[in-house]
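# Remarks on the overall topology
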Amino acid sequence: MRATEIMRHVTQWLRSTHSLVPNKTKRSRSVCEAFGLWGLHIIPTLTWTTVRSVRWTPPRAGQWKLNVDGASQGNPGSSGGGGILRDSTGCILFAFSNFYNMQTNTVAEAMAIRDGLFLCEEQNITNIVLESDSKVLVDMLRADSCPHWRLKNIWADIMRCRGRITTITHQFREGNQTADALAAHGVRSRRRTVFSFWQDMPLEARGAHRLERLGIPSLRIHRTPLPASPRQWRIAWRRSGVVTIGR
């Protein structure tokens, strides 16, 4: 094998190894120094951090807002789902926490939507604002299309209750913390529970509900990788054995 071919294989191996390292570790000085011992100069990934406030907003008068969430430990793994239905003043009509055995995050989220709509159907509730932090399922519901064959049966149940939904909105996880706490409780408790009063909910869900009802925002921190400047790339490539790693 030629020397250039060996270098190419080593470079590919280093890149694939680097992709397994957590983002926080990638930017650390120790990782760059370790690659430097092999004579490979690493350009750390630069990130742009944005911070925004996210809060839960109540529905309009005459409407009900159903917040749902799914959780999976392992994806797929032990999973659960939860949700809460509130009126325009933030008062609870019901909340639920269910265990779904071994499922993926998307399947658990879809099952939580189905179970929440079933509870609404039992109580003959319409004018529902459905809110979820799963962008994939929100887009599917807006398009009334389900390309995932694993969700076929769950999707049929959701479509049967589709007429009760007036609005479908996407919410960040930071603005969906009550449903998130209920889903996590479902995984831990490994049972199905329906709560009629906020005092009956688990402690984490009660605290999140209080903050959401008061309109207290949460901070969402988002980090976006930035490419290095052209000047940095030119300087790096002038050196021998340079490996450039980034997204």
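Each remark here, short or long, concerns the structure printed above.
These remarks concern the structure in this document. All figures in this text were calculated on a predicted structure; none of them were measured in a lab.

### Here's the deal with the overall build of the protein
- Within the protein one finds nine helices and eight strands.
- The burial tally for the protein puts 43% of its 247 residues in the buried class.
- Relative to all contacts within the protein whose residues are 6 or more apart in sequence, the contacts with residues 24 or more apart total 71%.
- Roughly 14,200 Å² of accessible area belongs to the protein as shown, and the carbon and sulfur atoms make up 54% of that amount.

### So, the packing of aromatic side chains
- Enumeration according to the criterion identifies zero aromatic pairs in this entry.
- The ring of W56 has R86 sitting right over it, with the charged end atom 4.1 Å from the ring centre.

### Thoughts on helix 7 (residues 177-189)
- Its 13 residues give helix 7 an end-to-end C-alpha distance of 18 Å, which sits within 8% of 18 Å, the value for a rise of 1.5 Å per residue.
- By the criterion of burial, helix 7 is predominantly enclosed, with ten of the 13 residues buried.
- Looking only at helix 7, the buried set comprises T178, A179, D180, A181, L182, A183, H185, G186, V187 and S189.
- The inward-facing, buried residues of helix 7 contact strand 2 (64-73), strand 3 (77-86), strand 4 (92-103), strand 7 (193-195) and helix 8 (203-214).
- Among the residues trailing helix 7, R190 stands out with phi positive, at a value near 60°.

### Some points on the nonpolar core
- One finds L66, I113 and L117 to be the most contacted residues of the largest nonpolar core, which totals 29 residues.
- Broken down by secondary-structure element, the contributors of at least two residues to this core are strand 2, strand 4, helix 4 (105-122), strand 5 (128-132), helix 5 (135-143), helix 6 (152-160) and strand 6 (165-170).
- Here this core gets nine residues from one element, more than from any other, and that element is helix 4.
- Discounting residues that sit within four places of it in the chain, L66 has contacts with I84, L85, G116, L117, C120, I128, V129, L130 and E131.
- Among the nonpolar cores identified, the runner-up in size contains eight residues, and I84, A95, L182 and M201 belong to it.

### Let's talk about the pairing of strand 4
- The pairing of strand 3 with strand 4 spans ten bridges and is antiparallel. From the neighbouring strand, S79 faces strand 4, where its bridge partner is N101.
- The hairpin formed by strand 3 and strand 4 contains five residues between the paired strands, and G90 there has a positive phi angle of roughly 90°.

### Remarks on a nonpolar patch on the surface
- Among the surface-exposed residues, M1, I6 and V10 lie close enough to one another that they form a single nonpolar patch of about 320 Å² accessible area.
- Among the secondary structure elements, V10 is positioned in helix 1 (residues 3-18).

### Re the environment of W198
- Checked against the element boundaries, W198 lands in the loop between strand 7 and helix 8.
- Classification of W198 as partly exposed rests on a relative accessible area of 28%.
- Not counting residues up to four positions away in its chain, the partners in contact with W198 are I92, R206, H209 and R210.

### Side note on unusual backbone geometry
- Backbone torsion omega between N75 and P76 reads 5°, so that peptide bond is classified as cis.
- Phi angles above zero are rare outside glycine, and N127 is one such case at about 55°.
- By the secondary structure assignment, N127 is in the loop between helix 4 and strand 5.
- Among the residues examined, N127 registers a relative accessible area of 36% and is labelled partly exposed.
- The backbone phi angle of D144 is positive, close to 50°, even though this residue is not glycine.

Cut-offs and rules
Residues numbered from 1 in each chain as written. Predicted model: local features only at pLDDT ≥ 70, side-chain atom pairs only at ≥ 80, totals over all residues. Heavy atoms only, no water. Helix = DSSP H or I, 4+ residues; strand = E, 2+ residues; numbered from the N terminus. Buried < 20%, exposed > 50% of the residue type's maximum accessible area, 1.4 Å probe, protein only. Contact = heavy atoms within 4.5 Å. Areas by Shrake-Rupley, 256 points an atom, 1.4 Å probe, with all protein chains shown as cover. Phe/Tyr/Trp six-rings, centres within 6.5 Å; stacked < 30°, edge-to-face > 60°. Lys NZ or Arg CZ within 6 Å of the ring centre and 35° of its normal. Expected span 1.5 Å × (residues − 1). Core = buried A, V, L, I, M, F, W, Y, C linked by side-chain atoms within 4.5 Å. Pairing = 2+ DSSP bridges. Patch = residues over 30% accessible without salt bridge, like charges linked within 9 Å, V, L, I, M, F, W, Y side chains within 5 Å. Salt bridge = Lys/Arg side-chain N within 4 Å of Asp/Glu carboxyl O.

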